[in-house]
Amino acid sequence: MLRFAPSPTGDMHIGNLRAAIFNYIMAKKLKQPFIIRIEDTDLERNIKGKDKEILALLQTFGLEFSSVIYQSDNFALHRDLALKLIKEGKAFYCYCSKEFLDEKREEAKAQKIAFRYKDEWAELEKGAKSTSPIIRLRANEAVSFIDSIKGEISFNANEIDSFVIMRNDIPTYNFACSIDDKEMSYIIRGEDHISNTPKQILIKRALGFSENVKYAHLPIILNEEHKKMSKRDKASSVEWLLSQGLEARAIANYLILLGNTKLENKLGELFSLESCIEHFCLENVASNPAQFDYKKMAQISRDIMREREISSFYPLFSHLASMRLNSPQSFDDLIALYLNEVGTQIALKEHIDSIFLEIGKKRENLVEFHNEFDSILKVIRENLDKIQGYDYNEFKDFIATQSGYKGKSLFKPLRMILSGQEHGIELDKLYHVLKPFISDIVRK
């Protein structure tokens, strides 16, 4: 089976979602179960309800899972296996205090050498403190593994000292994961876990588990400043991206294609999750960091939105139901017109809402030309019957003649009256679909 293993200690970011999608795709490709393991072993940092948020987000992206496992439910097994390793001499109790280890770290720092724990320290402070000892795994061997994205990765024996597997009767991250990953055929996660992998391999080796599992560590995603994306980057949050009205499918497609030009050349950008499974190959994912591009994601979202039925956007405009019902085809044409311009549902709603904004607020939003705005509005209001029979050129010429304005003094306030914005779609295209609504617009 394959797993996605999020921690309920914070919001899901795009690196998490990317790992979830890749695990889902590979599970489908290998015809194996896809499970969710909530890694809730950090009892102090767990956030109540965050696990439910994560599961809801996965369903939003169509990542159907066969089961949900909570890692804390396995604590008893983790403890039993730690004691088994103690009995077999593969792990040992360590009584070193934090102060002692900090002192040794400072000594190593002063000598400008890497800090390495020495097994002979284990019992130096035995009986000198009341707290329970920690349990360390004996580690003094080299580890290497093949990464499907990065190739062979090796660690020398002197790079891995005897590390902690249990503390205060609670398993460490690496120990719990190694045990709970026993049945996994593929482990796909971010490259920040590369340093954890040799420790997890050593734990599995000590426990006698199969080492046939495959690994793939996804490169980090860089922000616009070419630095690793962090929580400070709004676009790193999956919730934030969805709140902007981006299509979930667009977010997923973008993350699948990120650093995978071969797949993009084969499928393009508009594909379903299921349709990419046959062509997906982890070995084709670039091993270098990938640059995040919000504009490209929005462009994919725009193209996906244009594939949808116009009626699927009606819920965005429930407050304009009377306008839509009075002239359904024109309202559909209005939505279709703006679908060529925007990449998110939020932007679509904002543009159309601005058209039907109260006239007074439109005037307030106009930086200048207030006199022209009032004069042109008056001409339109007083000649509605005539205007409704005009095409755009007739309408424009009539307003210019009646108001005495031309050029910028005509078009800037006219655009604001019709669209509520100083810039945007060409007025002739906009007027064509707005004509049935002009009386509602200028009277409001």
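In case you missed it, the structure is sitting above this.
**Q** Talk me through the overall build of the protein chain; I want residue IDs and the actual numbers.
**A** A tally of helices and strands in the protein chain yields 20 helices and 13 strands. Along the longest, intermediate and shortest principal axes, the C-alpha atoms of the protein chain span 95 × 45 × 35 Å. Relative to its 444 residues, the protein chain shows a buried fraction of 49%. When the accessible surface of the protein chain is summed, it comes to about 21900 Å², and 48% of that surface belongs to carbon and sulfur atoms. One way to put it: in the protein chain the 63 positive side-chain charges average out to a point 2 Å from where the 65 negative ones average out.

**Q** How would you explain the pairing of strand S6 (residues 143-147) if you had to name every residue and give the values?
**A** In S6, alternate side chains face the same way, and those of Val143, Phe145 and Asp147 are buried while those of Ser144 and Ile146 on the opposite face are not. Inspection of the sheet shows S6 paired to strand S7 (residues 151-155) by 5 bridges, in the antiparallel sense. Counterpart to isoleucine 146 in the pairing with S7 is glutamate 152.

**Q** A description of the nonpolar core should follow, citing residues and the corresponding values.
**A** In this structure, Leu58, Leu63 and Ile256 are the most contacted members of the largest nonpolar core, which totals 57 residues. Residues contacting leucine 63, with those up to four places away along its chain left out, are Leu17, Ala20, Ile21, Tyr24, Phe34, Leu58 and Leu273. The next biggest cluster of nonpolar side chains, apart from the first, holds 48 residues, and it includes Met305, Phe356, Leu366 and Leu427.

**Q** Quick one: what's the story with the sheet that holds strand S9 (residues 170-171), residue by residue and with numbers?
**A** Spatial strand order, S4-S5-S8-S9: 4 strands in an open sheet with antiparallel pairing. Edge positions in the sheet fall to strand S4 (91-94) and S9, since each of these pairs with one other strand and no more. Inspection of the sheet shows S4 paired to strand S5 (residues 134-137) by 4 bridges, in the antiparallel sense. If you follow phenylalanine 92 over to S5, its bridge partner there is arginine 136.

**Q** Give a detailed account of the packing of helix H3 (residues 75-87) against helix H5 (residues 173-180), specifying residues and quantitative values.
**A** Look at H3 against H5: their axes get within 10 Å of each other, and the N-to-C directions meet at 100°. With respect to their mutual orientation, H3 and H5 come out roughly perpendicular. Every residue of H5 that contacts H3 at Leu77, His78, Leu81, Ala82 and Leu85 is listed here: Phe175, Ala176, Ile179 and Asp180. Split by residue class, the contact of H3 with H5 holds 7 nonpolar, 1 polar and 1 charged.

**Q** Which residues make up the packing of helix H12 (residues 328-339) against helix H13 (residues 345-355), and what values do they have?
**A** Close contact between H12 and H13 brings their axes to 10 Å; oriented N to C, the two are set at 130°. The orientation of H12 with respect to H13, classified from their angle, is oblique. The way H12 lies across H13 gives a crossing that is right-handed. Across the interface between the two elements, Phe331, Leu334, Ile335, Tyr338 and Leu339 from H12 touch Leu348, His351, Ile352 and Ile355 from H13. In terms of residue class, the contact of H12 with H13 is built from 8 nonpolar, 1 polar and no charged.

**Q** Please set out the environment of leucine 85 residue by residue, giving values where relevant.
**A** Looking at the element boundaries, leucine 85 is found in helix H3. Sequence separation of leucine 85 and isoleucine 203 is 118 residues, and the distance between their C-alpha atoms is 9.5 Å. For leucine 85, the residues in contact, after removing those within four places along its chain, are Lys90, Ala91, Leu137, Ile165, Phe175, Ala206 and Leu207.

**Q** Please set out unusual backbone geometry residue by residue, giving values where relevant.
**A** Phi is mostly negative for residues that are not glycine, and the peptide bonds are mostly trans. For lysine 31, which is not glycine, the phi dihedral falls at a positive 55°. Along the chain, the position of lysine 31 falls in the loop between helix H1 (14-30) and strand S2 (34-38).

**Q** So what's going on with the state of the cysteines? Residues and values would help.
**A** Under the definition given, this model contains 0 disulfides. With no disulfide of its own, cysteine 276 lies 12 Å from the sulfur of cysteine 281, the closest cysteine sulfur. Assessed through its relative accessible area of 0%, cysteine 276 is described here as buried.

**Q** Explain the side chain of glutamine 200 residue by residue, including any values.
**A** Checked against the element boundaries, glutamine 200 lands in helix H6 (residues 197-207). A polar contact of 3.0 Å, which involves the side chain of glutamine 200, links it to the side chain of arginine 189. Contact partners of glutamine 200, with chain neighbours within four places excluded, come to Tyr173, Asn174, Cys177, Ser178, Asp181 and Arg189.

**Q** Can you break down the layout of surface pockets residue by residue, with the values?
**A** Here the largest pocket is characterised by a volume of approximately 1400 Å³. Looking at the largest pocket, it is lined by 44 residues, and the ones nearest its centre are Ser7, Thr9, Tyr173, Asp192 and His193. For the lining of the largest pocket, the secondary-structure elements that each account for two or more residues are strand S1 (2-4), H1, S9 and strand S10 (186-190). Tallied by class, the residues present in the lining of the largest pocket amount to 17 nonpolar, 14 polar and 13 charged.

Cut-offs used in this document
- Residues numbered from 1 in each chain as written.
- Predicted model: local features only at pLDDT ≥ 70, side-chain atom pairs only at ≥ 80, totals over all residues.
- Heavy atoms only, no water.
- Helix = DSSP H or I, 4+ residues; strand = E, 2+ residues; numbered from the N terminus.
- Buried < 20%, exposed > 50% of the residue type's maximum accessible area, 1.4 Å probe, protein only.
- Areas by Shrake-Rupley, 256 points an atom, 1.4 Å probe, with all protein chains shown as cover.
- Lys, Arg positive; Asp, Glu negative; His and termini not counted.
- Charge placed at Lys NZ, Arg CZ, Asp CG, Glu CD.
- Pairing = 2+ DSSP bridges.
- Core = buried A, V, L, I, M, F, W, Y, C linked by side-chain atoms within 4.5 Å.
- Contact = heavy atoms within 4.5 Å.
- Axes fitted to C-alpha atoms, helices over the stretch in contact; angles between N-to-C directions.
- Parallel < 35°, antiparallel > 145°, perpendicular 65-115°, else oblique.
- Nonpolar A, V, L, I, M, F, W, Y, C, P; charged D, E, K, R; others polar.
- Left-handed = near helix turned anticlockwise from the far one by under 90°.
- Disulfide = S-S within 2.5 Å.
- Polar contact = N/O pair within 3.5 Å; in protein donor to acceptor, adjacent residues only side chain to side chain.
- 1 Å grid on protein atoms, 1.4 Å probe; cavity = no way out; pocket = protein on both sides within 12 Å on 5 of 7 lines; lining within 4 Å.
- Points joined across faces, edges and corners; volume = space filled by probe spheres on them.

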